[in-house]
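# Summary of the model geometry
The primary structure of each chain is shown beneath.
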Amino acid sequence: MYLNCHTYYSLRYGTIKPEQLLAIASENGVQTLALTDINTTSACLDIVRLSEKYKVKPVLGVDFRNSAQQQFILIAKNNKGFKNINDYLSKFLHNHDLKIPEQPDEILEDCFVIYPYKKGQHFELKSNEFLGIAPKDLNHLKFSKWNQFKEKLVVLKTVSFQNKKGFNTHRLLRAIDNNTLLSKLSKSEEGCENDMMLPYNQICEAYEEFPHLISNTEQLLDDCSIHFDFNSETSKNLQCLTENKTSDYQLLEKLTYDGIAYRYGEDIPQKVYDRIKKELGLIKEKNFVSYFLINWKILEYARSKDYYYVGRGSGANSIIAYLLRITDVDPIELDLYFERFINLFRQNPPDFDIDFSWRDRDDITNYIFKTFKHTALITVYNTFKFKASVRELGKVFGLPKSEMDRLTRGKYHINQLDKLSQLVIKYAAYIQGFPNYLGIHAGGILISEKPIHNYCATFMPPKGFATTQFDMVVAEDIGLYKFDILSQRGLGKIKEAVEIIDANYTEQSPIDIHDIKRFKQDERIKDLLRNAKAIGCFYVESPAMRMLLKKLQVDDYLGLVAASSIIRPGVSNSGMMREYILRHRHPEKRKEAHPVLQRVMPETYGIMVYQEDVIKVAHIFGGLDLGESDMLRRGMSGKFRSREEFLKVKQKFFDNCEKRSEIYEVVADVWRQIESFAGYAFAKGHSASYAVESYQSLFLKAYYPLEYMVATINNFGGFYSTELYVHEARMHNGKIEAPCINQSSIQTIIKGKTIILGFLFLQSFESKTIERILKERNNVGTFKSLDDFIERVPISIEQISILIKINAFRFTEVNKRELLWEAHLKISKTVIQESVINLFKTERISYNTPELPSTALENAFDELELLGFALCNPFLLLTTATTGNLRARHLEKLKGKLIIIEGYLITVKKTKTKQEKLMHFGTFLDRDGDFLDTVHFPPIAAKYPFRGKGIYKITGKVMVEFNCVNIEVSALERLAVVEDPRYSLRTTPNTYATRKVRTTRELSLRATT
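Residues numbered from 1 in each chain as written. Predicted model: local features only at pLDDT ≥ 70, side-chain atom pairs only at ≥ 80, totals over all residues. Heavy atoms only, no water.

### Section: the overall build of the chain
- When you go through the chain residue by residue, the secondary structure sums to 40 helices and 23 strands.
- Its C-alpha atoms give the chain a radius of gyration of 33 Å, within 12% of the compact-globule value 30 Å for 1009 residues.
- Taken over the C-alpha atoms alone, the chain extends approximately 95 × 80 × 65 Å along its principal axes.
- Here the chain holds 1009 residues, and 58% of them are scored as buried.
- Residue pairs in contact within the chain that sit at least 24 positions apart in sequence constitute 70% of those at least 6 positions apart.
- For the chain, the accessible area works out to roughly 45,200 Å², and carbon and sulfur atoms hold 50% of it.
- Across the chain, 138 positive and 125 negative side-chain charges occur, with their mean positions spaced 5 Å apart. (Helix = DSSP H or I, 4+ residues; strand = E, 2+ residues; numbered from the N terminus. Rg over C-alpha atoms; globule rule 2.2 N^0.38 Å. Buried < 20%, exposed > 50% of the residue type's maximum accessible area, 1.4 Å probe, protein only. Contact = heavy atoms within 4.5 Å. Areas by Shrake-Rupley, 256 points an atom, 1.4 Å probe, with all protein chains shown as cover. Lys, Arg positive; Asp, Glu negative; His and termini not counted. Charge placed at Lys NZ, Arg CZ, Asp CG, Glu CD.)

And the structure:
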């Protein structure tokens, strides 16, 4: 009876969740409904999947609208009609210049078209077209010519809201969508407040004078049938890379055996052949052959372009993946658990997360779209977040910014707020989690056997690749498994560092960055790991990882693999990280592990660290079969309703242990460890893949620290900001210079030990200006003077001021304040056009400029403004000289002592205790540039909050555990810096900084103690 039902996927319009819509229909005795969201098919597959639970027959379609103005509704008779609707809708979603017409401009087979009465009454209806009569149209219909065409009339009762609150929410969403005050929202942008579902009997009563409308509508719905297979084990991915499955398998087998020599040389263990045979058999049986081949084909193209990549995920447990060069992890060497990768109970293929450099990923994506016919990116639902919703609703209600700031900070008592502010909080909480707009998954790509539009419409985001309207969970519900093509800056750093080194060290052989076996034995790398000196290195540079490495004293590959997994939140929160460290540092404690757990996981001292540990423990200790263990694997993936997956097997786990007379407390503790993996965990092969990339970056850091830091800076760092990587280069005796018009490039360059920052890092400096400078310099040569530069490069006064302030004309040996004066006299405010050619060189007027010396202190503030950080020691910018001689290197000997030390803030990690109270972990640099790590428990975090970037006086107790030093903070004070001399009204400010700071040389970051 309902031909026009909306969920909240009718973005910023509908207010009903998909499952809620079915529940409402069931409650109202509605046996069939048509889901016709506005310009989207996002909820269609979910509605079909859930409909059986509510005993409601689903019919699918789309409500085509321009903004809120309804044009027509398309309803699919069958799956073919649904594809045709998706094809048609996608035409408009791919081209935003196209407006939806009043009538479909194509013949859409297997579809019904329904026009709203006011629009459609003037049309000549085709055989598959109908006129929709809303309750408000009934009186008008009595006197209309359409009474003579009863067979073309159907009930059009729109459903967009559940109740009055839903309608109020709808109006707020419409105001947000139109960026207007609620009081100014046009009625034409709203739905009708009666667009709610009525019980079946009531809707029949409303149309009792027109029984043919009811019968026509029921007949139309009866003629519709849609079906999707949600239970089939058959993948909907591309089935064959070659002509058929037989030739696919033959190719996979050939590639596998061809890869043995590359990976293992001539001395090949028999267990390699045994593992190959076992894997090939299961891959064929589970119909995963094409999945492996597609990944192989993508990476074969990447290697042909010399792109660096890392293959990880559970697929890294596979020897076939290793031999096909999808991954670089040897499952034989690491004894990777085969059943984590694949088993007879597994329906979906193993995960391959393929990381590329951020520079190369788009080309790989483009190759995939060109190579495979039915391809699309996967969307993600970007939802309304509470704080953002408070701001959006605050604007809708017309609240002042100060009030919105107060509400987002949570500094209020709800009963003390006025009515409008209370409404903002109420509705912000209500719409939290509603989809707001569709985004793009970080790297998920579908490669389907059938056209993507069989399943949903696609839209065209700015990236220029067709993107589904459903997310990866819905895709996997029907057997469409994504290929993960991801990007990361770590690979860009490695590749660029190798290129810089090969260019600068032409006398030595090119670096083989893939020689991981050599790196694993390298003593310099071992030293970096043991002492946690891995700033800039992939996955091992964060404060938490730095401290864990120091506590573990890791210096080998397997230790690093374990560390990269044990740091995940589940292990640390469950207390097992500390237990792992204790057993690692004190071998006598390993005997405390349960005998079965010690036998299952000897390498990790009986502690679950990896996903496969959970599967092994569930299977061997908990007595679950591999199918039930695979349910835990799905739960650990975080993709599904992970808690439900765990609970399905929890009782059986406990029952099996009780039958074996295991002590309940022991079983409960083991299950607690298992639960800590829900939603976030690594397979061992995944961690091993991370460790391979870590070793590559560690090698570069160990032997070529300056070149590696330049590559890190150019690839926009890693965990930290550019400033810290500049600092790290300086700690390795690099000399850092500001951009220079005669030496700098777009990116940072290195000459010997001198690092010259790139133009790219100058704030507000335009790319077109950079292009002009480099083009002129390359074509004609270096610049001789400011006049020479002005004559050759079209530039505005604003842009040249940036260059002068950053001292990019320092080669002229003219003070930059004088250069600024000259530039203002010689450059017009209007931008010089590039097309203007001077046929005759005119002599520039020479002005007598006043003597305007600039200090190193002023230089520092110019650098702060233009680079975001000063190229000097920040401690020298304090208003008062610090007298303390205490440094980070002294703290280990002061265990338990209360100390005061100054630190320059680098980063803060905010977290919450089990009691939901806010606490912090701080990372600082001392005056020598060494790290200080601090802990701020909730009372201190509340009393002494961080006040932004700067130098802090830290008071606290020195804590030393496992050779790792922390300061438990008891007080924190941000120290004052000198007034910016460029804007100071004082002529001779009497400060420490101006007395001491005289030359740039004196502002070296590594100030002597």
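### Regarding a nonpolar patch on the surface
- The grouping of Phe716, Ile746 and Leu760 at the surface amounts to a nonpolar patch, some 240 Å² of accessible area in total.
- Along the chain, Ile746 turns up in the loop between β16 (735-737) and β17 (749-751). (Patch = residues over 30% accessible without salt bridge, like charges linked within 9 Å, V, L, I, M, F, W, Y side chains within 5 Å. Salt bridge = Lys/Arg side-chain N within 4 Å of Asp/Glu carboxyl O.)

### Re the packing of aromatic side chains
- Counted according to the given criterion, the structure contains 47 aromatic pairs.
- Judged by centre distance (5.9 Å) and plane angle (75°), the ring pair of Tyr264 and Tyr322 falls under edge-to-face. Taken together, the residues Tyr264 in helix α9 (residues 245-264) and Tyr322 in helix α12 (residues 319-323) connect sequence positions 58 residues apart. Accessibility assignment for this pair places Tyr264 and Tyr322 in one class, buried.
- Their ring planes at 45° and their centres at 6.1 Å tell us that Tyr309 and Phe356 sit as a pair that is tilted. Linking Tyr309 in strand β9 (residues 309-312) with Phe356 in strand β10 (residues 353-357), this pair joins segments that are 47 residues apart in sequence. Considered together, Tyr309 and Phe356 belong to a single accessibility category, that of buried residues.
- Among the aromatic side chains, those forming a connected cluster through ring pairs are Phe64, Phe72, Tyr88, Phe92, Tyr115 and Phe123.
- Lys152 extends its terminal NZ or CZ atom over the ring of Phe130, reaching a point 4.9 Å from the ring centre. (Phe/Tyr/Trp six-rings, centres within 6.5 Å; stacked < 30°, edge-to-face > 60°. Lys NZ or Arg CZ within 6 Å of the ring centre and 35° of its normal.)

### What about the environment of Pro939?
- As for its position among the elements, Pro939 is in helix α39 (residues 938-943).
- A C-alpha to C-alpha distance of 8.2 Å links Pro939 and Met919, two positions 20 residues apart in sequence.

### Some points on the sheet that holds strand β18 (residues 754-756)
- Pairing is mixed across the open sheet formed by three strands, whose spatial order is β16-β18-β17. Of all strands in the sheet, those bounded by a partner on one side alone are β16 and β17. Direction aside, the axes of adjacent strands within the sheet are offset by 25° on average.
- Direction of pairing for β16 relative to β18: parallel, over a ladder of three bridges. Paired with Lys735 across the bridge in β18 is Thr754. (Pairing = 2+ DSSP bridges. Axes fitted to C-alpha atoms, helices over the stretch in contact; angles between N-to-C directions.)

### Considerations on the environment of Leu877
- Mapping Leu877 onto the fold places it in the loop between α38 (856-867) and β19 (898-912).
- Sequence-wise, Leu877 and Val977 are 100 residues apart; in three dimensions their C-alpha atoms are separated by 5.5 Å.
- Dropping the residues within four chain positions of it, Leu877 is found in contact with Leu857, Ala860, Leu864, Cys872, Val977 and Val978.

### A word on the confidence of the model for the chain
- Within the chain, residue pLDDT values average 90, and 91% of them lie at 70 or more.
- pLDDT under 50 marks residues 987-1009. Its contacts with residues more than four places away, or in other chains, come to 50 contacts. (pLDDT = per-residue confidence, 0-100.)

### Examining helix α31 (residues 684-703)
- The end-to-end C-alpha distance of α31 is 29 Å, a good match for the 28 Å that 20 residues give at a rise of 1.5 Å each.
- With 19 of its 20 residues buried, α31 lies for the most part within the structure. (Expected span 1.5 Å × (residues − 1).)

### Concerning helix α3 (residues 79-94)
- For α3, built from 16 residues, the straight-helix expectation of 22 Å at 1.5 Å per residue is met to within 8% by its first-to-last C-alpha distance of 22 Å.
- Buried residues along α3 sit in contact with α2 (44-54), β3 (57-66), β4 (69-76), β5 (111-116) and β13 (458-459).
- Taking the backbone nitrogen of Lys80 as reference, a side-chain oxygen 3.1 Å away marks Asn78 as the first, capping residue of α3. (Polar contact = N/O pair within 3.5 Å; in protein donor to acceptor, adjacent residues only side chain to side chain.)

### Looking at the side chain of Asn28
- For Asn28, the position within the fold is in the loop between α1 (18-27) and β2 (32-35).
- Residues within four places of Asn28 in sequence aside, it is in contact with Met197, Leu198, Pro199 and Tyr200.

### What about the pairing of β10?
- Across the five residues that make up β10, a large majority, five, are buried.
- Pairing analysis gives four bridges linking β9 to β10, with the strands arranged antiparallel. Paired with Tyr309 across the two strands is Phe356, which belongs to β10.
- Here β10 pairs with strand β15 (residues 483-488) via five bridges, running parallel. Across the sheet, residue Ser357 finds its bridge partner in β15, namely Gln488.

### A look at the packing of helix α6 (residues 164-178) against helix α15 (residues 386-397)
- Here α6 crosses α15 at 90°, and the two axes come no closer than 10 Å. By the angle class used here, α6 and α15 are roughly perpendicular. Between α6 and α15, the contacting residues are Leu172, Ala175 and Ile176 on the first element and Glu392, Leu393, Val396 and Phe397 on the second.
- Grouping the amino acids of the contact of α6 with α15 by side-chain chemistry returns six nonpolar, no polar and one charged. (Parallel < 35°, antiparallel > 145°, perpendicular 65-115°, else oblique. Nonpolar A, V, L, I, M, F, W, Y, C, P; charged D, E, K, R; others polar.)

### With respect to unusual backbone geometry
- Here the phi dihedral of Ser67 falls at roughly 55°; this positive angle occurs in a residue that is not glycine.
- Inspection of the secondary structure puts Ser67 in the loop between β3 and β4.
- Positive phi is not limited to glycine here, since Asp110 has a value of about 60°.
- On the secondary structure map, Asp110 appears in the loop between α3 and β5.

### Re the nonpolar core
- One finds Leu700, Phe789, Ile800 and Leu803 to be the most contacted residues of the largest nonpolar core, which totals 106 residues.
- The element that contributes the greatest number of residues to this core is α31, accounting for eight residues.
- If we ignore the near neighbours within four places in the chain, the residues touching Ile800 are Leu786, Phe789, Ile790, Ile795, Phe809, Ala823 and Ile827.
- Ranked by size, the runner-up nonpolar core spans 97 residues in total, among them Phe64, Ile176, Phe397 and Ile431. (Core = buried A, V, L, I, M, F, W, Y, C linked by side-chain atoms within 4.5 Å.)

### Points about the environment of Gln611
- Tracing the chain through its elements places Gln611 in helix α27 (residues 611-621).
- Sequence separation of Gln611 and Asp625 is 14 residues, and the distance between their C-alpha atoms is 16 Å.

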